[in-house]
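# Overview (structure and organization)
Chain residues, written in single-letter form:
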Amino acid sequence: MDIWSTLSDTFLDWESMKAVLPEMLKVGLVNTLILAAASVVLGTVLGMVVAVMGLSRRRWLRWPAKIYTDIFRGLPAILTILLIGQGLSPITRHWWGPNPYPLGILALSLIAAAYIGEIFRSGIQSVEKGQLEAARALGFTYTSGMWLIVIPQGVRRVLPALVNQFIALVKESSLVYFLGLLASQRELFRIGQDAAATNGNLSPLLLAGIFYLIITVPLTHLVNYFDKRLREGRPTAELEVEELVHADHR
Amino acid sequence: MPTIADTAPADTTFRAASLELSGIELAFGTNKVLRGVDLVVPAGRTACVIGPSGSGKSTLLRATNRLLEPDAGDIRLGGESVLRSNPDELRRRIGMVFQHFNLFPHKTVLENITLPLRKIKKLTPEGAVAAARIQLELVGLREKESARPGNLSGGQQQRVAIARALAMKPEVMLFDEATSALDPELVKGVLSLMADLASAGMTMIVVTHEMGFARQVADQVAFMDRGVVVEAGAPDKLFTAAESPRLQQFLSQVL
Ligand SMILES: Nc1ncnc2c1ncn2[C@@H]1O[C@H](COP(=O)(O)OP(=O)(O)OP(=O)(O)O)[C@@H](O)[C@H]1O
Ligand SMILES: [Mg+2]
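Notes on the structure in this doc start here. (Residues numbered from 1 in each chain as written. Chains lettered and ligands numbered in written order. Predicted model: local features only at pLDDT ≥ 70, side-chain atom pairs only at ≥ 80, totals over all residues. Heavy atoms only, no water.)

All names here are of chain B. Around ligand 1, the structure places Phe28, Asn31, Val33, Pro52, Ser53, Gly54, Ser55, Gly56, Lys57, Ser58, Thr59 and Glu177. Here ligand 1, which alone exposes 630 Å², has 60% of that area covered by the protein. Secondary structure elements with two or more residues in the shell around ligand 1: β2 (31–41) and α1 (57–64). Sorting elements by how many residues they give to the shell around ligand 1 places α1 first, with three residues. (Near = heavy atom within 4 Å. Areas by Shrake-Rupley, 256 points an atom, 1.4 Å probe, with all protein chains shown as cover. Helix = DSSP H or I, 4+ residues; strand = E, 2+ residues; numbered from the N terminus.)

Another point: the packing of helix α6 (residues 101–125) of chain A against helix α8 (residues 142–157) of chain A. Residue and element names in this part refer to chain A. Contact geometry of α6 with α8 gives a least axis separation of 7 Å together with a crossing angle of 110 degrees. Relative to α8, α6 is oriented roughly perpendicular. Crossing of α6 over α8 shows right-handed handedness. When α6 is examined against α8, the residues Phe120, Gly123 and Ile124 are found in contact with a partner set consisting of Met146, Val150, Ile151, Gly154 and Val155. (Axes fitted to C-alpha atoms, helices over the stretch in contact; angles between N-to-C directions. Parallel < 35°, antiparallel > 145°, perpendicular 65-115°, else oblique. Left-handed = near helix turned anticlockwise from the far one by under 90°. Contact = heavy atoms within 4.5 Å.)

As a further point, take the nonpolar core. Among the nonpolar cores identified, the biggest contains 92 residues, and Leu34(B), Phe175(B) and Met194(B) are the most heavily contacted of them. Not counting the four nearest positions on each side in its chain, Leu34(B) is found in contact with Ile24(B), Glu25(B), Leu26(B), Gly56(B), Thr59(B), Leu60(B), Ala63(B), Met224(B) and Gly227(B). In terms of nonpolar packing, the next biggest core, distinct from the first, is built from 45 residues, Val40(A), Val163(A), Leu169(A) and Phe226(A) among them. (Core = buried A, V, L, I, M, F, W, Y, C linked by side-chain atoms within 4.5 Å. Buried < 20%, exposed > 50% of the residue type's maximum accessible area, 1.4 Å probe, protein only.)

Moving on, we come to the pattern of salt bridges. All names here are of chain A. Within the structure shown, the criterion is met by 22 salt bridges over all chains. For the salt bridge of Glu118 with Arg121, the shortest nitrogen-to-oxygen distance reads 3.1 Å. In this pair, Glu118 and Arg121 both sit in helix α6, three residues apart, roughly one turn of the helix. Its relative accessible area of 22% is what places Glu118 among the partly exposed residues. (Salt bridge = Lys/Arg side-chain N within 4 Å of Asp/Glu carboxyl O.)

Laid out in structure tokens, this is it:
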């Protein structure tokens, strides 16, 4: 038996890759990007809410944040996705039909928010106490001192961890597959898997893998870039809207 | 470097107010850190606060601008009690300078000064930049306006911090060991800036270990120990004819 030809039949069947490529691009890649981007945005916003609640001086805000984080970090992602995606669909199907995307995005975002909330919280907590004190000594209120001075610094410090979480989301978006997808709703993994079953080899899945890497590897480099900047002590200030606006006035 | 005293166009003037602390008490849990502090600083005068570590000097400054809320006592600014007014508004009238500068590291030097001017004083961006540049000029750091605080020496950072506080047009300035974190060769520049500010007529409370500064610049020196002002008076008298044994002992250690 020739190991090389067995492996290449399984993984490197160019014909089945070529056949699935258009669908992979037009349907799979687009859907994966939609799922990932929507969950990144919603997860980040929710994560900031969870972080700010968790840092609140009020106990009745801190506790819900803590319980939320414990639950969504403690459950397997697939279980959360099934519970939310299937459990709530009898209610939501009145609004947008049997489309599993909104609930899939919601579930992915809720999970991500638990992790992102912890990332933000640790970043914000790492900012020296003197920063808020100096802001308040100048006359900023507690709230505006937090939002203008402390939180931007805290977020900057955890950008690498944040982007790592985005990478995880790109990969986890494949889990919506378990919610049952119409042909036009399939994302990269599902298209690869369907084609693999039809062709009797794994080459389409390998192709799906390559597409995942095309998305995630640049993000990995972004992580390294942020990491390097932070270690060199150069703040990644250019990213802040506030400062872009400010620059316009000069 | 232009001094504050000899450059005084309209924008660099300030309206200094008197500050009276009476019977200030403050506890952290059961730890009574301030036990009835009295200190009166007439408008335009400088009081230096000296005393051993842990005596409550920093806590007293934080109580003065209500970063920490006093448990008892009264604070009068320009003759009016300020304990019942909004603490955020009180802090806009009192500038504070910290041992570790506490500049905002993610902002440029200029932005450190313009941000509070825009957000708190509601100046236009152009107005804030103009006002900030005047203050930077005054502390001799106009050419550093685009630098990040992290790229400045400690002495330069502290001068920016002073400029940032002065830009808010405070009526009183509080200094908490402003030179303690500086390399020895940088101390002089910051102290002379503070001395200029004092002679320009700012009301100041200066917590310091620099006995030379206290002697030359202060109108009044207050010695704090265990949460009270044990002895206060003119520097000459305090340094040469201390009455209380605790102050005598303290001076024998630091002089
Ligand atoms: N935030 C706080 N919480 C609890 N205790 C505090 C706090 N800040 C200060 N203390 C306590 O109050 C006492 C006085 O502290 P403070 O910092 O006012 O002293 P200090 O005179 O400024 O000393 P140093 O010369 O070392 O700066 C100390 O015993 C300190 O432990
Ligand atoms: Mg202190």
